[in-house]
Amino acid sequence: MTAVAINERAAQWLADAEARLPDFTPSPSGRIRAFDGVLMEATGLDAPTGTLCQIEATGTDTIDGEIIGFRNDRALLMSLDAGGYVRPGARVKKISTDPSVRVGDELLGRVIDGRGRSIDGGSQPVPAARWPLRGPRRNALQNESVTEALDVGVRSINAALTIGKGQRIGIVAGSGVGKSVLLGMLARYTSADIVVIALIGERGREVSDFCREHLVGESATRTVVVAVPADQSPVLRLRGAERATAIAEYYRDQGKSVLLILDSLTRVAHAQREIGLALGEPPTSKGYPPSVFSLVPKLVERAGAAPGGGSITAIYTVLADGDDVEGDPVVDSARAILDGHIVLSRQIAERGLYPAIDLGRSVSRTMQDVVRPAHMKRAMALRRANGVYEQNADLVTLGAYKPGQNVELDEAMQRRPLFEAFMAQSRDERVDYAGAVADLETLMAPR
């Protein structure tokens, strides 16, 4: 055997032996020193906020946590797992400091959790592309104007509350007034290229029912669902909302029209409230710490139209406790920054009219920029007629009003049955934009 061959074999033997050696590279880790049931305090961790860590639990089990702040020389962590028991002195090991998520077409038709793991029983999707979890920095001047209408398949919204591509709008509702049904209609019937649905803080049964009902047929091939039920960690709920928004941003930058549905913004605010109060923030209005009111605009401002033709049209549901649309701080904060809101009325729902949209208290701030003047004129006439009737509804119901005393009210009374038929729509019926405008023209035609 030649010397060259001997050297080559020796080099190969050394390489194989080195590969079999254990990895003695020091791994940054720390120890749990305190735990109050919500926050864990760890020493020895040199990592930024947002870092994912693995924490030793009982036996051989581990739980995942995220660094959410610091106190003196200790890192403050909150668990991402619902189960697991933490013991004193448990080792804490950093998993990842990469603040990005995997995005791509492999997610279409799938249901994932706040960490991107499959929960629909299928194989784990592993898209190749990555996107910042909290979105890339954008100049405000890069936001394009909203100039084109988006067909959502619901007659009353298409005609009287037209939504534009890139608009951010809220659905304000109490419990049990048809919010989930309306969201399902919007997700199935929209003309958007991609639909991203974030189910944050909802009951597990509602999540499974929503996915079984709406992830079927053609709509499933363009839909991504990020689901984090109410029993999950507040950090994971917050991550779920950010992950869904990141997926929507990825498709927007590919020039796609994206419909982002986040149900609900209130549950996201509740998650941030839990985190803020645990960190020692002072409670303000109705117990919400200041970080909640900075979170809402940070999340909402990531939607919108961008150069290149892509857009994120975002629909955020906002829960009104006790049907109080005026006194809830999250509702007020959302309405201040959104481009409109749709209010669902319990009184209308109790009459069996769905979707139970209260036209008088709803508004689309970009509608006049995306519809023709004739369409806008008829929509305003419809609002006026509805307002006149609502103001005098008690008199009409009691029989205290005699026709002929008010011309506008007489006309509104004549149109009332047609108005209610116009606003009502079956969950299995789709009314496209052109059909909705034609129905509005028929309803408001001169008599």
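K.L.:
For this particular structure, what's the right way to read the pairing of strand β11 (residues 194-200)?
P.N.:
Walk down a regular strand and you will see the side chains alternate between the two sheet faces. Most of β11 is tucked away: seven of the seven residues are buried. Going residue by residue along β11, you find I194, V196, A198 and I200 tucked away on one face and V195, I197 and L199 tucked away on the opposite face as well. Sheet topology note: the β11/strand β13 (residues 257-263) ladder contains six bridges and is parallel. By the bridge assignment for β13, A198 is matched with L262.

K.L.:
Before we go on, may I ask you to explain the packing of helix α6 (residues 234-252) against helix α7 (residues 265-278) in this structure?
P.N.:
When two helices pack together, their arrangement is given by the angle between the helix axes and by the axis-to-axis distance. One way to put it is that α6 packs onto α7 with a least axis distance of 8 Å and a crossing angle of 135°. It follows from the interaxial angle that α6 and α7 lie oblique. Taken as a pair, α6 and α7 cross one another with a handedness that is left-handed. Contacts between α6 and α7 involve P234, V235, R237, L238 and A241 from the first element and R267, V268, A271, Q272, E274 and I275 from the second. For the contact of α6 with α7, the per-class residue count stands at seven nonpolar, one polar and three charged.

K.L.:
Just to check I follow, could you spell out the sheet that holds strand β3 (residues 52-56) for this structure?
P.N.:
Where strands meet in a sheet, backbone hydrogen bonds hold them as pairs that are either parallel or antiparallel. Read around the closed barrel, the six strands follow the order β1-β2-β5-β4-β3-β6; overall the barrel is antiparallel. Here the strands of the sheet are splayed against their neighbours by 45° on average, with no regard to which way each runs. Sheet topology note: the strand β1 (residues 29-35)/strand β6 (residues 91-96) ladder contains three bridges and is antiparallel. When the sheet's bridge partners are listed, G30 is paired in β6 with V92. Packing of α6 onto the sheet brings it into contact with β3, β4 (62-71) and β5 (74-79), and relative to β4 it is tilted by some 85°.

K.L.:
Is there a simple way to think about the environment of V146 in this case?
P.N.:
Note that V146 resides in the loop between β9 (129-132) and α2 (155-160). The buried category is assigned to V146, whose relative accessible area is 14%. With 21 residues separating them in the primary sequence, V146 and Q167 have C-alpha atoms 6.6 Å apart.

K.L.:
How should I be thinking about the packing of helix α14 (residues 407-423) against helix α15 (residues 433-443) in this particular structure?
P.N.:
Their axes nearest at 11 Å, the elements α14 and α15 cross at an angle of 170°. Accordingly, the angle class assigned to the pair α14 and α15 is roughly antiparallel. Counting all contacts with α14, which are made through R415, L418, F419 and F422, the residues of α15 involved are A436, D439, L440 and L443. Split by residue class, the contact of α14 with α15 holds six nonpolar, no polar and two charged.

K.L.:
What is the right way to read the packing of aromatic side chains from this model?
P.N.:
Given two aromatic rings, their pairing is described by the distance between the two centres and the angle made by the two planes. If you walk through the whole model with that rule in mind, you get three aromatic pairs. Measuring from ring centre to ring centre gives 6.4 Å for W131 and Y250, while their planes differ by 70°; the resulting arrangement is edge-to-face. Of this pair, W131 sits in strand β9 while Y250 is found in helix α6, placing the two residues 119 residues apart along the sequence. Just as W131 is buried, Y250 falls in that class too.

K.L.:
Is there a simple way to think about the pattern of salt bridges in this case?
P.N.:
Under the counting rule described, the total for this entry stands at 29 salt bridges. Among the ionic pairs, R117 bridges to D113, the shortest N-O distance being 3.1 Å. For R117, a relative accessible area of 39% corresponds to the partly exposed category. Take D113: its relative accessible area is 8%, and that puts it in the buried class.

Cut-offs and rules
- Residues numbered from 1 in each chain as written.
- Predicted model: local features only at pLDDT ≥ 70, side-chain atom pairs only at ≥ 80, totals over all residues.
- Heavy atoms only, no water.
- Buried < 20%, exposed > 50% of the residue type's maximum accessible area, 1.4 Å probe, protein only.
- Helix = DSSP H or I, 4+ residues; strand = E, 2+ residues; numbered from the N terminus.
- Pairing = 2+ DSSP bridges.
- Axes fitted to C-alpha atoms, helices over the stretch in contact; angles between N-to-C directions.
- Parallel < 35°, antiparallel > 145°, perpendicular 65-115°, else oblique.
- Left-handed = near helix turned anticlockwise from the far one by under 90°.
- Contact = heavy atoms within 4.5 Å.
- Nonpolar A, V, L, I, M, F, W, Y, C, P; charged D, E, K, R; others polar.
- Phe/Tyr/Trp six-rings, centres within 6.5 Å; stacked < 30°, edge-to-face > 60°.
- Salt bridge = Lys/Arg side-chain N within 4 Å of Asp/Glu carboxyl O.

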